[in-house]
Amino acid sequence: MYSLHWIGNRKIAIFGTALNSVRCTYYLKEKGIKIACYINNNREVGCFCDCPVYEIDELPQGMFILVATSIEVYLSISKQLCGSGLREFQDYIYYEWLYKKIVLLHGNCHMAIIRSFLLSSETFRGRYSVYPNPEICNNSDRKIEKEVLYHSDVWIHEDIRLDNEYGYYLSDEYMRNQMKESVVEIIIPHLFGLGKLLFPQSDWNKRNDKIANGKDANGMFPYADKVIDRCVEQKMKKEEIIAFCNGKCLDVESVKENFETYLHKIRERETCWDIKILDYILNNYKEKKLFFDMGHPTNDIFEKICLDILDMLHIEDKNIVAEFSLDMHEEPVYPVVKDILGLKWSDQFIRNGRVAKKACEKMDFREYIEEYLWWCYGRDDKGHIRI
């Protein structure tokens, strides 16, 4: 927890003069804390809330800075302040971290949903602030600053091995050694890839072009569909492929073996997780859609995980929600898989999110097959699939 008694005799400057700064000013004055001045880049006013306004290079020495902006703007201002020789937590912090415990979320895309669920809890927001830590795959520095690790009060993370592809400094072992002894550590389920228990047809796709000027390597279909690929290899026509995929295209034993294999993987992996998920999956997979694809659980699983996190933090909020889901590259659960595994839930359309990867407004099973063929096997000059 960060409180202002840490700054000693230094005076307080607030970076910003917009709405967040007004809120910060009001909060501090309610607590009887005096503000010395404000900071603005490209300053156009000389006074704000009865205090002088400076640019950063005009600021008197020895000030402690509260950055009162949006958290997105804070990230760029933090880089600016570091470039001026200032240190986060020693010379400046984000204003919402005052008198709250700091939570560090560490993992990949799953952490965005975890963050959204947790911040929907009013009690959580009142006690904790989430540090703006990038997902591991987007961490270009391949590390988190030691000051951030040391000042984190709660560390919620996936299990990250020593030999992970992003480097030792993002591993559990290294980070744990930089944390203070009092940190609350919560290891959550790391389910990327384990959702394959419902998608025996899925694999990694080598026929998937990048999009967005090459910046989006996930393209439209990051997951190969082995059933469709096999049909193409056998030179089946589109309508034949669609009919085959809707029939008994996978045998009973292979579907059951795949299901049991990935249940076993989850059972083995969760021995090192503080929050368990296997029993929830076993008790609910027939009644609820639990995975969008082999890499991404649905919000039902994330809600369960977050409720357990809140319980560990002694927070009783139950009505939590997430603003989005990870259905961008959702794959269908094949009809034959539903029959063999006794799945009772149904969904006519997939990839329903606002940024879902699809070429049309609605994607049902037929449309999924058609788009997969079109994207992965090419088009002629009339837009027809080349098969």
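Everything numeric here is computed off the predicted structure, so don't read it as measured data.

Trainee: When you look at the overall build of the chain in this model, what are you seeing that I'm missing?
Mentor: The number of helices and strands found in the chain is 13 helices and 14 strands. For the chain, the spread of C-alpha atoms along the three principal axes comes to 75 × 50 × 40 Å. Accessible surface, the chain as shown: approximately 19700 Å² in total, 47% of it carbon and sulfur. Taking the average location of the 52 positive side-chain charges in the chain and that of its 61 negative ones, the two points are 1 Å from each other.

Trainee: Got a minute to help me understand the sheet that holds strand E4 (residues 51-54) in this structure?
Mentor: Consider a sheet: its strands pair through backbone hydrogen bonds, and that pairing is either parallel or antiparallel. Spatial strand order, E3-E4-E2-E1-E5-E6: six strands in an open sheet with mixed pairing. Since the sheet does not close on itself, it has two edges, and those belong to strand E3 (47-48) and strand E6 (92-94), each with one partner. Pairing analysis gives three bridges linking strand E5 (residues 64-67) to E6, with the strands arranged parallel. Bridging across to E6, Leu66 finds its partner in Ile93. Contacts from helix H2 (residues 71-83) reach strand E1 (12-15), E5 and E6 within the one sheet, and its direction differs from that of E6 by about 170°.

Trainee: Just to check I follow, could you spell out helix H9 (residues 252-269) for this structure?
Mentor: Every α-helix carries 3.6 residues per turn, so stepping three or four residues along brings you back to the same face. In this model H9 runs 26 Å from its N-terminal to its C-terminal C-alpha over 18 residues, within 8% of the 26 Å that 1.5 Å per residue would give. Within H9, burial applies to Val255, Asn258, Phe259, Tyr262, Leu263 and Ile266. The arc that holds every buried residue of H9, seen down its axis, measures 130°, which confines them to one face. Along H9, exposed side chains directed more than 90 degrees from the buried face belong to Glu253 and Glu257.

Trainee: What should I look at first to understand a nonpolar patch on the surface in this one?
Mentor: On the surface, Leu162, Tyr168 and Tyr169 cluster together to form a nonpolar patch covering roughly 300 Å² of accessible area. Residue class for Leu162 comes out partly exposed when judged on its relative accessible area of 46%.

Trainee: Would you take a moment to explain the nonpolar core for this structure?
Mentor: A general feature of soluble globular proteins is that nonpolar side chains tend to end up buried together. Within the largest apolar cluster, 76 residues are counted, with the highest numbers of intra-cluster contacts made by Ile156, Ile228, Ile281 and Ile309. Considering each element in turn, this core owes the most residues, eight residues, to helix H13 (residues 365-377). If sequence neighbours within four positions are ignored, Ile281 has contacts with Leu197, Leu263, Ile266, Leu290, Phe291 and Ile301. Counting 49 residues, the second largest nonpolar core, distinct from the first, contains Cys24, Met63, Tyr95 and Leu170.

Trainee: Help me out: how do you make sense of the sheet that holds strand E10 (residues 184-187) in this one?
Mentor: Ordered in space as E8-E7-E9-E10, the four strands form an open sheet in which the pairing is parallel. Looking at strand neighbours, the two that pair on one side only are strand E8 (128-130) and E10, the edges of this open sheet. Going from strand to strand, the sheet's axes swing by 20° on average, the running direction of each strand aside. Sheet analysis places strand E9 (residues 154-157) next to E10, joined by four bridges and oriented parallel. Its bridge partner lying in E10, Trp155 is registered against Glu185.

Trainee: Quick question: what am I supposed to make of unusual backbone geometry here?
Mentor: Among all residues except glycine, the phi angle is most often negative; among peptide bonds, the trans geometry is most common. In this model, Asn42 sits at a positive phi of 55°, which is unusual for a non-glycine residue. Summarising the element assignment, Asn42 is placed in the loop between strand E2 (37-39) and E3. Note on Asn42: relative accessible area 64%, which makes it exposed. Backbone geometry places Arg351, a non-glycine residue, at a positive phi of 55°. Turning to its location among the elements, Arg351 is positioned in the loop between helix H12 (335-341) and H13.

Criteria and thresholds
Residues numbered from 1 in each chain as written. Predicted model: local features only at pLDDT ≥ 70, side-chain atom pairs only at ≥ 80, totals over all residues. Heavy atoms only, no water. Helix = DSSP H or I, 4+ residues; strand = E, 2+ residues; numbered from the N terminus. Areas by Shrake-Rupley, 256 points an atom, 1.4 Å probe, with all protein chains shown as cover. Lys, Arg positive; Asp, Glu negative; His and termini not counted. Charge placed at Lys NZ, Arg CZ, Asp CG, Glu CD. Pairing = 2+ DSSP bridges. Contact = heavy atoms within 4.5 Å. Axes fitted to C-alpha atoms, helices over the stretch in contact; angles between N-to-C directions. Expected span 1.5 Å × (residues − 1). Buried < 20%, exposed > 50% of the residue type's maximum accessible area, 1.4 Å probe, protein only. Arc of directions from axis to C-beta. Patch = residues over 30% accessible without salt bridge, like charges linked within 9 Å, V, L, I, M, F, W, Y side chains within 5 Å. Salt bridge = Lys/Arg side-chain N within 4 Å of Asp/Glu carboxyl O. Core = buried A, V, L, I, M, F, W, Y, C linked by side-chain atoms within 4.5 Å.

Fair warning: the whole summary comes from geometry, so function is off the table for now.
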